[in-house]
Amino acid sequence: QIPKDPAQRRVRELAMLSKQLQQVHPNVLAKVLKQGTVYQNEEIVVINKPYGLPVHGGPGIKNCIADVLPILAKMLENMKAEPLHLCHRLDKETTGVMVLARSKEVAERIRLLFKTRQVEKIYWAISVGDPDPAEGIVEIPIVEKEVRSQQSHYKMTLAPNYRLSPEDGKVVKIRKNRNAESAVTRYRLLASSSACSLLELQPITGVKHQIRVHLAYGLGCPILGDHKYSHWSKLAPQKLPEITLKRLKLEQSKARHLPLHLHAHRLSLPLGERINLVCKPPLFFQKTLKKLELDITND
């Protein structure tokens, strides 16, 4: 049956959309990506990655971006086009700017730009709670750890280099975790309302789930719809403040259906000249901004 509540309906639609993307014919998927093309020249094709679509295949994944690149290349160019190449990755739930290269050489060049941190990446996220201070830099190493709870699972988490000594409250340097990767994220508050914030984020490094971990565990402001990083010890839906639920017209019991609100908004690529690529947030993200009355004055 179809839920009466509009928010629940929207949430259902998104879950269905994500499922449908897994069931459509690869040609249809390539067409969706083609419609989401924001820029192309002789070296690159830039798409606005849809929600819920994995970049790479894996167990239980029928459709992913990597698989339809040859089809997409043919749709964009004359039929003899060589397949497109991935240059970087976005999480399955992340939307926004994704760069594809038209040749292996260009792909290698762009991967190197990412690796040497010459690509400027700007993300938008809606977070639960406001960061304090309103702008700054989170510089805390990140490591993957096993969470031992009823259901054991793995999560990325912080591996700080310092802690407060329980005896006298002094700052003590901790022995470095050998597996931790250094991670740096700049953040800035763009708007706040309804116990939520719209944040602009610039990951300086590219560690797995970096933005999600830094916001949730570093600033105590998990991304809206990030059920994985809203708690540490359990896999449970995110708990939302009353006012947020009210604005979203959502019951807490249905909060688990909320999608992750993380969007790769802008990418600046130094290919000869600097190419600035911008993608509008997806419709569900825009609707959430409206409902939470998060008004953006700039951009």
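Residues numbered from 1 in each chain as written. Predicted model: local features only at pLDDT ≥ 70, side-chain atom pairs only at ≥ 80, totals over all residues. Heavy atoms only, no water.

- As annotated in an unreviewed UniProt entry, the protein chain carries the name Pseudouridylate synthase RPUSD4, mitochondrial and is attributed to Calonectris borealis.
- Under the UniProt heading Sequence similarities (unreviewed entry), the entry covering the protein chain gives this text: "Belongs to the pseudouridine synthase RluA family." (UniProt positions renumbered as here; feature names shortened; annotations may be inferred.)

Regarding the packing of aromatic side chains
No. 1: Throughout the structure, instances matching the rule amount to two aromatic pairs.
No. 2: Considering the side-chain rings of Tyr51 and Phe284, the 5.2 Å spacing of their centres and the 75 degrees angle between planes classify their relative orientation as edge-to-face. In this pair, Tyr51 sits in the loop between strand E2 (44-49) and helix H3 (65-76) while Phe284 sits in helix H7 (residues 283-291), placing the two residues 233 residues apart along the sequence. Across the pair, exposure class does not vary: Tyr51 and Phe284 are buried alike.
No. 3: Measuring from centroid to centroid gives 5.9 Å for Tyr217 and Tyr229, while their planes differ by 75 degrees, and the two rings are edge-to-face. Within this pair, whereas Tyr217 is found in helix H5 (residues 210-218), its partner Tyr229 is found in the loop between H5 and helix H6 (242-248), the two being separated by 12 residues in sequence. (Phe/Tyr/Trp six-rings, centres within 6.5 Å; stacked < 30°, edge-to-face > 60°. Helix = DSSP H or I, 4+ residues; strand = E, 2+ residues; numbered from the N terminus. Buried < 20%, exposed > 50% of the residue type's maximum accessible area, 1.4 Å probe, protein only.)

What about the side chain of Thr205?
No. 1: Note on placement: Thr205 falls in the loop between strand E12 (196-203) and H5.
No. 2: Overall, Thr205 belongs to the buried group, its relative accessible area being 4%.
No. 3: At a separation of 2.9 Å, a polar atom in the side chain of Thr205 contacts the main-chain amide nitrogen of Val184.
No. 4: Here the side chain of Thr205 touches Gln210 through a polar contact of 2.7 Å, side chain to side chain.
No. 5: For Thr205, the contacting residues outside a window of four places in its chain are Arg117, Lys121, Ser182, Ala183, Val184 and Gln210. (Polar contact = N/O pair within 3.5 Å; in protein donor to acceptor, adjacent residues only side chain to side chain. Contact = heavy atoms within 4.5 Å.)

Observations regarding the pattern of salt bridges
No. 1: Within this structure, the stated rule accounts for 10 salt bridges.
No. 2: Arg212 serves as the salt-bridge partner of Asp91, at 3.5 Å between the closest nitrogen and oxygen. Remark: Arg212 occurs in helix H5 and Asp91 occurs in the loop between strand E3 (85-86) and strand E4 (95-101); sequence separation between them is 121 residues.
No. 3: Of the residues examined, Asp91 reaches a relative accessible area of 25% and is grouped as partly exposed.
No. 4: Between Glu293 and Arg247 there is a salt bridge; the shortest N-O distance is 3.8 Å. Of this pair, Glu293 sits in the segment after H7 while Arg247 is found in helix H6, placing the two residues 46 residues apart along the sequence.
No. 5: Residue Glu293 is classed as partly exposed on the basis of its relative accessible area of 44%. (Salt bridge = Lys/Arg side-chain N within 4 Å of Asp/Glu carboxyl O.)

Some words on the pairing of E2
No. 1: With respect to burial, E2 is a largely interior element, five of its six residues being buried.
No. 2: As paired elements, strand E1 (residues 37-40) and E2 share three bridges and run antiparallel to each other. Bridge pairing in E2 links Tyr39 to Val46.
No. 3: Linkage of E1 to E2, two consecutive antiparallel strands, is achieved through a turn of three residues.
No. 4: Where E2 lies against E4, six bridges are found, and the strand directions are antiparallel. In the strand pairing of E4, Ile44 is matched with Ala101. (Pairing = 2+ DSSP bridges.)

Considerations on the nonpolar core
No. 1: Core analysis: the largest hydrophobic core is formed by 64 residues, its most contacted members being Ile65, Ile126 and Leu198.
No. 2: In terms of domain composition, this core takes at least three residues from each of domain 1 (1-116) and domain 2 (120-294).
No. 3: Other than its neighbours up to four places away in sequence, Ile126 contacts Cys196, Ser197, Leu198, Pro222, Ile223, Leu224, His261, Phe285, Thr288, Leu289, Leu292 and Leu294.
No. 4: Formed by 18 residues, the second largest nonpolar core is a distinct cluster that contains Ala101, Ala107, Val119 and Leu271. (Core = buried A, V, L, I, M, F, W, Y, C linked by side-chain atoms within 4.5 Å. Domains from an automatic or database assignment.)

Focus on the domain arrangement of the protein chain
No. 1: Considered domain by domain, the protein chain is made up of domain 1 (1-116) and domain 2 (120-294).
No. 2: The distance between the C-alpha centroids of domain 1 and domain 2 comes to 23 Å.
No. 3: Residue-level contacts link 28 residues of domain 1 with 32 residues of domain 2.
No. 4: The contact between domain 1 and domain 2 buries some 2,400 Å² in all, and 69% of this surface belongs to carbon and sulfur atoms.
No. 5: It is Arg10, Val11 and Val97 in domain 1 that bury the most area against domain 2; as a group they hold 25% of the surface buried on that side.
No. 6: Our count for the contact surface shared by domain 1 and domain 2 stands at one salt bridge.
No. 7: At the surface where domain 1 touches domain 2, the tally comes to seven residue pairs in polar contact (both at pLDDT 80 or more).
No. 8: Secondary structure elements with two or more residues in the side of domain 1 that touches domain 2: helix H1 (6-23), E1, E2, E4 and helix H4 (104-115).
No. 9: No other element matches the six residues that H1 contributes to the side of domain 1 that touches domain 2. (Buried area = accessible area lost by both parts, 1.4 Å probe.)

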